[in-house]
Each structure stands twice: as C-alpha cells, then as structure tokens.
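Next come the chains, spelled out residue by residue.
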Amino acid sequence: MERLPGFRDFYPEPVPEGDALAWSASLREHIFRTWRRVAQRYGFVEYDGPPLEPLGLYKVKSGDEIVQQLYHFVDKGAREVALRPEMTPTLARMIAAQFRQYKKPLKWFAIPQLFRYERQQKGRLREHFQFNADIVGEPDPGADAEVIALLVDILRAFGFSPADVVVRISSRSAWQEFYRRHAASSAKDASGEYAFYQIIDKLERTPLDESKKKLAALGIAWEQVEAFLQESPPTVELAAVIENLHARGLASYVQTDYRIIRGLAYYTGVVFEAFDRQGQFRAIAGGGRYDHLIRLLSGGRLDLPALGFGMGDVVLTELIRARGLAPNSSARIQVFCLLENKALDKPTLQLVQQLRDAGVAVDHPLGPEKSDKQFRRAREAGARILVTMEQAPDGMVQAKVRDLLTRQAISCTLHEATGVVLRWLASPENAAQPAQILP
Ligand code: HAM
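Residues numbered from 1 in each chain as written. Predicted model: local features only at pLDDT ≥ 70, side-chain atom pairs only at ≥ 80, totals over all residues. Heavy atoms only, no water.

## Some thoughts on the site of the ligand
Rule in force here: What makes a residue near a molecule or strand is one non-hydrogen atom of that residue sitting within 4 Å of it. Polar contact criterion, stated in full: a pair of N or O atoms within 3.5 Å, where within protein one must be able to donate a hydrogen and the other to accept it, and residues adjacent in sequence count only if both atoms are side-chain atoms. Only the protein chains shown count as cover for residues, and the accessible areas themselves come from Shrake-Rupley with a 1.4 Å probe. Amino acids are sorted into nonpolar (Ala, Val, Leu, Ile, Met, Phe, Trp, Tyr, Cys and Pro), charged (Asp, Glu, Lys and Arg) and polar (every other residue, Gly among them).
Inspection of the region around the ligand gives 26 residues, with Glu 86, Thr 88, Glu 118, Asp 134 and Tyr 267 positioned closest. One nitrogen or oxygen atom from the side chain of Glu 86 is found 2.6 Å from a nitrogen atom belonging to the ligand. Between the ligand and Ile 284 there is a distance of 3.0 Å, counted from an oxygen atom to a backbone nitrogen or oxygen. Contact with the protein chains covers 96% of the free accessible surface of the ligand, which is 660 Å². A per-class count over the shell around the ligand returns 10 nonpolar, 10 polar and 6 charged.

Structure representation (structure tokens):
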C-alpha cells in the first residue's frame, strides 16, 4: 500500500535516505518545541480545534483559491465537511462562540495539521503543520508589531540571522485604496478586488505579460502598479509598526515591501510574509490583520479586530537543513544500564527506575543479550554513562558507573549510584550532550 502523494511519513533519526517524503520526527519535535517556547515567552496560550469543519466555514471569506484546494466530502449525516486548510476561520468561529469567557486582547497560538489539495512542489505539500499566533480584540498597531516581533524571535530562536531571513511588510489597506481609485467602475466589486489581490500576490511567480493582461481586464495599467510599488506610500499603521520594531532592536529583520499583499481574501490592514534573503524558497510564514472576519463568521453579532500569522513546517525545515541549523539528534539516552549477570536483574531494574524518576533518560536490555551487543547499542543510542551491577565476594551488590566522555569510573552502592550519575551529567562536559534529552 503506497502513501498518498504530498503526504509525509515522520521517521525517527536516522531518517531513511532516498525518499523525499520520509521526514525527521526529531526535527519536527525541535520545531514544535521552539514554536511553543517562544510563543509562551510572549504570553500566548495554546488552543486547538477540530481537523474537520463545515465546508461553509471556508466559503465565507477565505477566497476561491483555498476553496478550490479543499479536501471535502459529504459525511454520513449528509453534512458537507472539509479538512481544515487553514486555522484562521476555526479561530474566528471559536472566538465568536465563546468571546464572553475571555478578557481581551486574547493572545492565542496553535499548531494544527492542515490539508490543501495543491500541486505538489518544493515547499508545498498536501499536508503541513502550521504554527498560528493571533491577537484578538486589539486595534492598535502595537499588536501588529507584537506578532511580527514574535515571528522574528521564532526565526532567531532557530538560529537565523538578518542575513538569512527577512520579514517583508506591506499594507492591504493601501492596496485597497489603490484598487478603489484605479479599477474600472465595472470591476469595483468584491470579486474584482479579490482577483486584483491574487494578481499582485503572484506577480513574482507569473510572467509579466500575463499579469499585465489580467490587470488590464480590471481596467488597471501595469505602469500604475509599478509606480505605486516604487512609491510604496507608508500608512500611519505601517510607520507605527516599523518604529515599534526599531525600539525592540528587531528592525534589521524587517523591510517595507509593497509586493506583499497576501492571497487570502480576509486581510484588511498591515500584512507581511517572511522569506529567506537569497530568495531560494517559498514564503516561510505569512499573516496580517483581518478586522472583519469575526463579524462575518458571527453573522454580525460580534465585531472584534484581529491579526496574526501562520508559519508552516515545510519551508522552515528545508531552510533549517540548508543552513545547517538542525540540532544533532542522534543521542536518545544519557545512561545505559548493562545487564551481564541475570542474577542481578532486580537491582538493575531498581536503578533504572530510580534514574528515570530522577529525570534521566535511561535504557537497558529487555531480554538476554551479549555484552558486546549491549555496549554497541548503548553507544548508538548516544549514552554517555554506562552502569553495570557487580556482586562483591562478600555478596554485596555494587554499581560500577563509567563516564564514556571523561573516562572516569567509580564503584558505589546502588543507593549512591543515582547521585553519581546526576553529578556527572551536570558537569561542564555535559555541554557535549544534546540539550533536547535533558529535562
Ligand atoms: P498562508 O499564507 O496560506 O496563511 O500560510 C502560511 C504559511 O503556511 C505559508 O507561508 C507556508 O509556510 C505554509 N504553507 C501554506 N500552504 C502550504 C502547503 N501547501 N505546504 C506547505 N506549507 C504551506 C494562512 O494560512 C493564514 N491563515 C495565516 C494567518 C494566521 N493569518 C492570520 N492568522
């Protein structure tokens, strides 16, 4: 049975080679942990929703492009349902249902798996995990700056410098004004406006003649667009966001760029996308302000400003690998308890349990195994410390603890062994151990 195209299997390291859709579960874990850690540093709290939603949720305001990419079907209760292609409509639906329960502004994040039936290509698959961070209930540009700062700090936490990545910031409202000023009066409706955003969104990936033709159909000359791109008239919000990011010392990561407009239909104000500086990859992340979506999804009951961004794991993983920033994840354990004498099974298990209770990552043979094979397994799993139980001539059971890094060895009582292991693991040489297996 074959895997579906555009879907991935996540394997533990070392990941099998020669299969472009066999991905690293350990690198995914590193990415999720980094997303959570930085979001929590900013005071964002985690939420989640169902992976299956009513089809109508996406028809309200995501835009045709994403609706055409939906995985959708009729369920056994004759409901039209869709696998979520993005998280924002779910968030807006959840907030519309429960907004009274929470104090505004809300700072929420989630890491959903999303599904889009896209043409499979570099950086685009049919499923991906997407970190989402959104602020709801705050109209001030300070909120826009806060989510962009979070985006920058996440990129920094993965080890990217301003030479590696850039967040390109723009204004959907400035483009909206442009459209309303220049479009032919016959095209001045919501579908014409959406078509225009799509043309600008795809400018960099479309032959210019094709874009020019599409613009002309809306009554807009390419020269008008070109002049607007050059002029990039700053809006009050955009200027406030840039100033705010300057104050945080993060301005070297951002740049005003009106080629950004965002493809989704619901954006209303400041919009942005993150890219690698060399332009080798698709967008790493994208987002912006969507002040009307909650009103639309609540049938006009609730009107709350909102904004946020999504960062997928696909391009991010490609970029982390390309820049050599993936952590070494070969070490799974810190200690291996060898079992060379079946009669010492019980004290060995006792020590294994004690060490695990103390937060140490420990493994041991589950059945009879030759000593050299046990030793090899311990090395492959990245164990730094080996422990073997020994019986002294007087019948006393002793633990022999060996540190493979510092080459020191000690014999002690079973009672003392956990303390020795903890002390040695905490020693400076411990820096050689990958951080992720430490508690
Ligand atoms: P989006 O631009 O459609 O925005 O997606 C955000 C990011 O998700 C992209 O920059 C890309 O990294 C990743 N991504 C999207 N589609 C795929 C795909 N097929 N394969 C791999 N990665 C993909 C949204 O989804 C908005 N709802 C984000 C948002 C949250 N805006 C406000 N809050």
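## Let's talk about the side chain of Gln 69
Definition in use: Think of it this way: any DSSP run of H or I at least four residues long counts as a helix, any run of E at least two long counts as a strand, and we number them from the N terminus. We call a residue buried when its accessible area falls under 20% of the maximum for its residue type, exposed when it is over 50%, and partly exposed in between, using a 1.4 Å probe and counting protein chains only.
Within the fold, Gln 69 resides in the loop between α3 (64–68) and β5 (72–74). Gln 69 gets classed as buried once you look at its relative accessible area, which sits at 13%.

## Examining the pattern of salt bridges
Note the following rule: We define a salt bridge as a side-chain nitrogen of Lys or Arg found within 4 Å of a carboxyl oxygen belonging to Asp or Glu.
One pass over the full model with this rule turns up 28 salt bridges. With a shortest N-O distance of 2.8 Å, Asp 144 and Arg 289 are connected by a salt bridge. With a gap of 145 residues between them, Asp 144 in helix α5 (residues 141–157) and Arg 289 in strand β13 (residues 285–289) connect regions that are remote in the sequence. Neither Asp 144 nor Arg 289 differs from the other in exposure class; each is buried. In this structure, Glu 210 and Lys 214 form a salt bridge, with 3.7 Å as the shortest nitrogen-oxygen distance. Taken together, the positions of Glu 210 and Lys 214, both in helix α8 (residues 208–217) and 4 residues apart, correspond to about one turn of that helix.

## A word on the nonpolar core
The condition that has to hold: The nonpolar core is taken to be a set of buried Ala, Val, Leu, Ile, Met, Phe, Trp, Tyr and Cys residues, with the residues joined through side-chain atoms within 4.5 Å.
Counting 69 residues, the largest nonpolar core has Phe 131, Ile 148, Ile 169, Phe 196, Phe 309 and Met 311 as the members making the most contacts within it. Of the residues forming this core, the biggest block, 10 residues, is contributed by α5.

## Some details on the sheet that holds strand β17 (residues 385–391)
Defined as follows: Two strands form a pair only when DSSP identifies at least two bridges running between them. We call two residues in contact whenever any of their non-hydrogen atoms come within 4.5 Å of each other. Only the contacting stretch of a helix is used when fitting its axis, a line to C-alpha atoms as for every element, and angles between N-to-C directions run 0 to 180 degrees.
Strand order in the open sheet formed by 5 strands is β16-β15-β17-β18-β19, and the pairing between neighbours is mixed. A strand with exactly one partner marks an edge of an open sheet, and here the two such strands are β16 (362–363) and β19 (409–413). Examined bridge by bridge, β17 and strand β18 (residues 397–403) share 7 bridges and lie antiparallel to one another. In the sheet register, Leu 386 faces β18, and the bridge partner there is Arg 402. Helix α14 (residues 371–380) contacts β15 (335–338), β16 and β17 of the sheet and is inclined by roughly 170° relative to β15.

## Here we look at the sheet that holds strand β4 (residues 52–54)
An order of β4-β6-β5 is seen for the 3 strands of this open sheet, with the pairing classed as antiparallel. Whereas interior strands pair on both sides, the edge strands pair on one side only; in this sheet they are β4 and β5. Ignoring which end each strand starts from, the neighbouring axes of this sheet average 35° apart. Note that β5 and strand β6 (residues 80–83) share 3 bridges and pair antiparallel. Following the sheet pairing, His 72 is matched in β6 by Ala 82.

## A look at a positive patch on the surface
Quick note on the threshold: By definition, no residue in a patch forms a salt bridge, and every one has over 30% relative accessible area; like charges are joined within 9 Å, nonpolar side chains (Val, Leu, Ile, Met, Phe, Trp, Tyr) within 5 Å. When charges are counted, neither His nor the chain ends are considered; positive counts come from Lys and Arg and negative counts from Asp and Glu. By convention, charge coordinates are those of NZ in Lys, CZ in Arg, CG in Asp, or CD in Glu.
On the surface, a cluster of positive charge is made up of Arg 100, Lys 103, Lys 104 and Arg 301. For Lys 104, the position within the fold is in the loop between α4 (88–98) and β7 (106–110).

## Some thoughts on the packing of helix α1 (residues 25–41) against helix α12 (residues 313–322)
For any two helices packed against each other, one specifies the crossing angle of their axes together with the interaxial distance. This is how the line gets drawn: Note on angle classes: values under 35 degrees are labelled roughly parallel, values over 145 roughly antiparallel, values of 65 to 115 roughly perpendicular, and the remainder oblique.
Across the interface, α1 lies against α12 with an axial gap of 11 Å and an inter-helix angle of 110°. By the angle between their axes, α1 is roughly perpendicular relative to α12. Touching Leu 27, Ile 31 and Trp 35 of α1 are Asp 313, Leu 316, Thr 317, Ile 320 and Arg 321, all from α12. Split into classes, the residues belonging to the contact of α1 with α12 amount to 5 nonpolar, 1 polar and 2 charged.

## Regarding the domain arrangement of the chain
The condition is simple: In this entry, domain limits derive from an automatic or database-based domain assignment.
Annotation of the chain at the domain level lists domain 1 (9–322) and domain 2 (335–430). Relative to domain 2, the C-alpha centre of domain 1 lies at a distance of 50 Å.

## Digging into the environment of Tyr 47
Relative to the assigned elements, Tyr 47 resides in the loop between β3 (45–46) and β4. The exposure class assigned to Tyr 47 is buried, which follows from its relative accessible area of 8%. Apart from the residues lying within four places of it in its own chain, the contact partners of Tyr 47 are Met 87, Leu 91, Met 94, Trp 108, Phe 109, Ala 110, Asn 132 and Asp 134.

## A closer look at the pairing of strand β10 (residues 165–171)
Of all 7 residues that make up β10, 7 are buried, and the element is covered over most of its length. Every second residue of β10 is oriented toward a common face, with Val 165, Val 167, Ile 169 and Ser 171 on one face and Val 166, Arg 168 and Ser 170 on the other, all of them buried. Bridge count for β10 against strand β12 (residues 270–276) is 7 bridges, and the pairing is antiparallel. In the strand pairing of β12, Ser 170 is matched with Val 271. In this structure, β10 lies alongside strand β11 (residues 254–256), joined through 3 bridges in parallel fashion. Residue Val 167 lies in a different strand from β11, and its bridge partner there is Val 254.

## A word on the packing of aromatic side chains
Which entries qualify depends on this criterion: A pair of Phe, Tyr and Trp rings is counted when the ring centres sit within 6.5 Å of each other, with Trp represented by its six-membered ring. The angle between the planes then sorts it: under 30 degrees is stacked, over 60 is edge-to-face, the rest tilted. Any Lys NZ or Arg CZ that is within 6 Å of a ring centre and within 35 degrees of that ring's normal is treated as a charge sitting over the ring.
Within the structure shown, the criterion is met by 23 aromatic pairs. Judged by centre distance (5.8 Å) and plane angle (15°), the rings of Phe 178 and Phe 196 are stacked. Here the residue Phe 178 occupies a position in helix α6 (residues 172–182), and Phe 196 occupies one in helix α7 (residues 190–201), the gap between them amounting to 18 residues. In this pair, the class of Phe 178 matches that of Phe 196, namely buried. An aromatic cluster is built from Phe 10, Phe 32, Trp 35, Phe 109, Phe 129, Phe 131, Phe 272 and Phe 309, whose rings are joined through pairwise contacts. The ring of Phe 10 is capped by Arg 28, whose NZ or CZ atom sits 4.3 Å from the centre of that ring. Its guanidinium or amino end placed over the ring of Phe 281, Lys 122 lies 4.3 Å from that ring's centre, counting from NZ or CZ.

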